[in-house]
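Coordinate analysis (summary)
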Amino acid sequence: MDATIKSIRPNMPSDRQPESRPAELDPAEFLAAAVRADQPRPARAEAEQAVKTLLAYIGENTEREGLLDTPRRVVEAFDELYQGYHQCPAEVLDRTFGETAGYDDFVLVRDIEFTSQCEHHMMPFYGRAHIAYTPVERVVGLSKLARLTDIFARRLQTQEHLTAQIAAAIDEVLKPRGVAVLIEAEHTCMSVRGVAKHGASTFTSRFTGMFRDNPAEQARFLSLVRGLQR
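Worth saying up front: this structure is predicted, and the values here are computed from it rather than measured. (Residues numbered from 1 in each chain as written. Predicted model: local features only at pLDDT ≥ 70, side-chain atom pairs only at ≥ 80, totals over all residues. Heavy atoms only, no water.)

In this model, the protein chain carries a mean pLDDT of 88, and residues with pLDDT of at least 70 account for 89%. Of all secondary-structure elements in the protein chain, the lowest mean pLDDT belongs to helix α1 (residues 27-30), at 74, while helix α2 (residues 44-57) reaches the highest, 98. (pLDDT = per-residue confidence, 0-100. Helix = DSSP H or I, 4+ residues; strand = E, 2+ residues; numbered from the N terminus.)

Structure follows, in structure tokens:
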């Protein structure tokens, strides 16, 4: 069943322009694994040698006992930290359930912890994601929203892009009446280097459908995220 979204400003004066909409992401960017099976990649030995080169660059003796296994460990850590490149976001959202007893309000999963890596400095940023969507007949398993967050987080990212990707994937695959994503995070590229401002938090949000078009729904989402519900 298709959802119909009615404008909340039906009598907008003719001299006013409609509000701009966020740029759409290319579905190929967020619906498939980021690494193709036939994509050329350096050999593991080459990756380990690159780590050894960086250790030498900072002035370390790469032959000392404590560093002999470091290149291998770093590459193994990369395999874990960036496993999201090999996972498909659409597959995570593929299985849905129709036994909702006519539920027609939004579903919110709050406080999804994540860790990602800044694509500018390859330093961690970490925090929590809050995700809501208003289903049309069918819902997805709650853990899938956390898995989706992890897939995108385990790639080189900016927080803005991460927020947009999560919202776009849910919107494209589930076709809900609306999606709301709020992410709050601390960036170590800002807290432990550069300006070194510990404790500074960055907030990003993305709204689609009814959350974008209805300020009251945005406010209710934000109220629930902040724990102000009565």
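Taking 1.5 Å per residue as the helical rise, helix α3 (residues 70-81) with its 12 residues ought to reach 16 Å, and the 16 Å between its terminal C-alpha atoms agrees with that figure. Within the sequence span of α3, burial applies to T70, P71 and V75. Along the long axis of α3, the arc covered by the buried residues comes to 135 degrees, so they all point the same way. Elements in contact with the buried residues of α3: α2. (Expected span 1.5 Å × (residues − 1). Buried < 20%, exposed > 50% of the residue type's maximum accessible area, 1.4 Å probe, protein only. Arc of directions from axis to C-beta. Contact = heavy atoms within 4.5 Å.)

Let us look at the packing of aromatic side chains. Within the structure shown, the criterion is met by 6 aromatic pairs. Their ring planes at 80 degrees and their centres at 5.1 Å tell us that F78 and Y82 sit as a pair that is edge-to-face. A centroid spacing of 5.4 Å and a plane angle of 55 degrees characterise the contact between F106 and F211, whose relative ring orientation is tilted. You can see F106 sitting in the loop between β1 (96-97) and β2 (107-118) and its partner F211 sitting in helix α8 (residues 209-213), a full 105 residues away along the chain. Among the residues examined, F211 registers a relative accessible area of 0% and is labelled buried. Put simply, the rings of F106, F207, F211 and F221 touch in pairs and so form one group of aromatic residues. (Phe/Tyr/Trp six-rings, centres within 6.5 Å; stacked < 30°, edge-to-face > 60°.)

The description of two packed helices rests on the angle between their axes and on the distance between the axes. Direction vectors running N to C along helix α5 (residues 142-153) and helix α6 (residues 159-174) enclose 135 degrees, while the axes themselves pass 10 Å from each other. When the interaxial angle is binned, α5 and α6 end up oblique. Along this stretch, α5 crosses α6, giving a crossing that reads as right-handed. Mapping the contact onto sequence places L145, L148, T149, F152 and A153 in α5 and L162, Q165, I166, A169 and I170 in α6. Looking at the contact of α5 with α6 residue by residue, the class counts come to 8 nonpolar, 2 polar and no charged. (Axes fitted to C-alpha atoms, helices over the stretch in contact; angles between N-to-C directions. Parallel < 35°, antiparallel > 145°, perpendicular 65-115°, else oblique. Left-handed = near helix turned anticlockwise from the far one by under 90°. Nonpolar A, V, L, I, M, F, W, Y, C, P; charged D, E, K, R; others polar.)

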